[in-house]
Amino acid sequence: MNIELVKCHGSGNDFIIIDEMEGDISFNEDERSSLAMALCSRTSLLGADGILFVMPSEQSHARMRVFNADGSEASMCGNGLRCVARYASDKLRKSKLIIETMKANLAVEKTEEIFDGIPTFKVEISPVSFNVKDLPLNLSWETLKNERIVELSDTLLFTALAVPNPHLVSIVESDVLKSSVQKDIATLVNGPNDLFPDGVNVSFVHELKKGHIFVRTFERGVGFTNACGTAMSASSLVTCLNGLNETEKEISVYNDGGMVKCMVHQQNGRYQIDLIGNGTYEYRAEIEVNPADFQNFKLVNKEIFEEETSKYAKLQEYAKQFVSEHMK
Ligand SMILES: N[C@@H](CCC[C@H](N)C(=O)O)C(=O)O
């Protein structure tokens, strides 16, 4: 069979978009997982952090399912939702849409450019829960906010939250950020362990200056990525809870792949975060696959979006410069 795809990224967190809207291709659950492992492998002809399947929805304009590079399915993906927002808004010619995800129907919209010439999308990140059961995190307390987990570190303070995929966030100094501590902790909680039976995305956050933070994430099912949208949203909320930032005020979130903006809203005791950033097309391609052997797929053609890539490089350069000037 032949599959047409679009390679897209949000802050350098890159995805293969496969469109199942028309019903001319579809996969069973094992095939989706095997396809993700085969196409996302960095040694393959494509390579990505995950696959985004765009499907028809009965209640929304489209449905997104996200599979990590290791073949596991995640309940949400913030950078991926911006990519799907771009794809679906181009396809359906609508600038505001609702996208069905595993646990919620989320509002997305094309918005003012975050940087010159960069197609920009605002996506809703919700629901948010601090209940450890929702990650799940096996602790006897109901929530974990700025607490030690002695099995992981004697000194760091962690906050656990589901947005609704699971996140463990710690605000750290730059020496900790530059050390191997994050990798060691993330490897532990994403292997066989009693605390996080389903694994967890682990983020270290560093304040660059008021209203500007740096976030690096080790993603469940992938490893370190250039950025993780749900993690940057969760981290922005954690900085508000810690008094570093304020709700209803824009927070610039820098990452290894660029920069996004987040705004945390609180209404009737519930949090919701706006994640605003690029949805950049890298290329369009067609592959030929044998469903019994996805790994040996052939690349039939590839059309690169040079202009988008070069415009995005300017944003990346700006973000890199800002981080190097403000990292204490
Ligand atoms: N990169 C994504 C999150 C993808 C899913 C995550 N690895 C998980 O397993 O929860 C984002 O931008 O949010």
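Scoring rules and cut-offs
Residues numbered from 1 in each chain as written. Predicted model: local features only at pLDDT ≥ 70, side-chain atom pairs only at ≥ 80, totals over all residues. Helix = DSSP H or I, 4+ residues; strand = E, 2+ residues; numbered from the N terminus. Rg over C-alpha atoms; globule rule 2.2 N^0.38 Å. Buried ≥ 20, exposed ≤ 12 C-beta atoms within 10 Å, placed from the backbone. Contact = placed C-beta atoms within 7 Å. Near = placed C-beta within 6 Å. Nonpolar A, V, L, I, M, F, W, Y, C, P; charged D, E, K, R; others polar. Domains from an automatic or database assignment. pLDDT = per-residue confidence, 0-100. Axes fitted to C-alpha atoms, helices over the stretch in contact; angles between N-to-C directions. Parallel < 35°, antiparallel > 145°, perpendicular 65-115°, else oblique. Pairing = 2+ DSSP bridges. UniProt positions renumbered as here; feature names shortened; annotations may be inferred. Core = buried A, V, L, I, M, F, W, Y, C linked by C-beta atoms within 7 Å. Expected span 1.5 Å × (residues − 1). Arc of directions from axis to C-beta.

### Re the overall build of the protein
Within the protein, the regular secondary structure consists of six helices and 18 strands. Taken over C-alpha atoms, the radius of gyration comes to 19 Å for the protein, in line with the 20 Å a tight globule of 328 residues would show. Structurally, the protein occupies a C-alpha span of about 55 × 45 × 40 Å along its principal axes. For the protein, the proportion of its 328 residues judged to be buried stands at 46%. When contacts within the protein are restricted to residue pairs at least 6 apart in sequence, long-range pairs at least 24 apart make up 62% of them.

### Remarks on the site of the ligand
If you check the shell around the ligand, you find 17 residues, and the closest are Ala74, Asn79, Asn165, Gly229 and Thr230. Secondary-structure elements contributing two or more residues to the shell around the ligand are strand S4 (62-68), helix H2 (78-92) and helix H5 (229-241). The residue inventory of the shell around the ligand, partitioned by class, reads five nonpolar, 10 polar and two charged. Residue-level mapping places the shell around the ligand at the junction of two domains, with at least three residues from each of domain 1 (2-124 + 278-324) and domain 2 (132-277).

### Considerations on the confidence of the model for the protein
If pLDDT is low for a region, its predicted coordinates should not be looked at in detail. For the protein, the average pLDDT comes to 97, and 100% of its residues sit at 70 or higher. Complex prediction metrics read pTM 0.98 and ipTM 0.99.

### Here we look at the packing of H2 against H5
Two numbers describe how H2 lies on H5: the axes approach to 5 Å, and their chain directions differ by 120°. Relative to H5, the element H2 is oriented oblique. Two secondary-structure elements touch here, H2 through Gly78, Asn79, Leu81 and Arg82 and H5 through Gly229, Thr230, Met232 and Ser233. Across the contact of H2 with H5, the residue classes tally to two nonpolar, five polar and one charged.

### Some remarks on the pairing of strand S11 (residues 201-209)
For strand S10 (residues 166-171) and S11, the ladder comprises five bridges, and the chain directions are parallel. Residue pairing across strands places Leu168 opposite Val202, the latter belonging to S11. In the sheet, S11 pairs with strand S12 (residues 212-219) via seven bridges, with the strands oriented antiparallel. Across the sheet, the residue bridging to His206 is Phe214, located in S12. Here S11 hands over to S12 after two residues, with Gly211 in that stretch at a positive phi of 85°.

### Some details on the UniProt feature "binding site: substrate" (unreviewed entry) in the protein
Per the UniProt record, "binding site: substrate" (unreviewed entry) is annotated on Asn13, Asn68, Gly78, Asn79, Asn165, Asn201, Glu219, Arg220, Gly229 and Thr230. Among the structural elements, Asn68 can be located in strand S4. Excluding anything up to four places from it in sequence, Asn68 contacts Ala36, Gly50, Ala74, Arg220, Gly221 and Val222. Here Arg220 shows up in the loop between S12 and strand S13 (223-224). Beyond its immediate chain neighbours, meaning those up to four positions away, Arg220 contacts Asn68, Asn190, Gly199, Val200 and Asn201.

### Quick word on the domain arrangement of the protein
Under the domain assignment, the protein is made up of domain 1 (2-124 + 278-324) and domain 2 (132-277). Once you take the C-alpha centre of each, domain 1 and domain 2 turn out to be 23 Å apart. Elements represented by at least two residues in the side of domain 1 that touches domain 2 include exactly H2, strand S8 (120-125) and helix H6 (306-326). Residue contributions to the side of domain 1 that touches domain 2 peak at five residues, all from H6. A per-class count over the side of domain 1 that touches domain 2 returns 11 nonpolar, 14 polar and six charged.

### Description of the nonpolar core
One finds Ile17, Ile51, Leu52, Val84 and Ile99 to be the most contacted residues of the largest nonpolar core, which totals 92 residues. Taken domain by domain, the makeup of this core includes at least three residues from each of domain 1 (2-124 + 278-324) and domain 2 (132-277). Among residues more than four places away in sequence, those in contact with Val84 are Ile17, Leu52, Val54, Met64 and Ile99.

### Quick word on H6
For H6, built from 21 residues, the straight-helix expectation of 30 Å at 1.5 Å per residue is met to within 8% by its first-to-last C-alpha distance of 31 Å. Within H6, the full set of buried residues consists of Glu308, Tyr312, Leu315 and Ala319. Along the long axis of H6, the arc covered by the buried residues comes to 55°, so they all point the same way. Every exposed residue of H6 that faces more than 90 degrees away from the buried side is listed here: Glu306, Glu307, Ser310, Ala313, Glu317, Gln321, Ser324 and Glu325.

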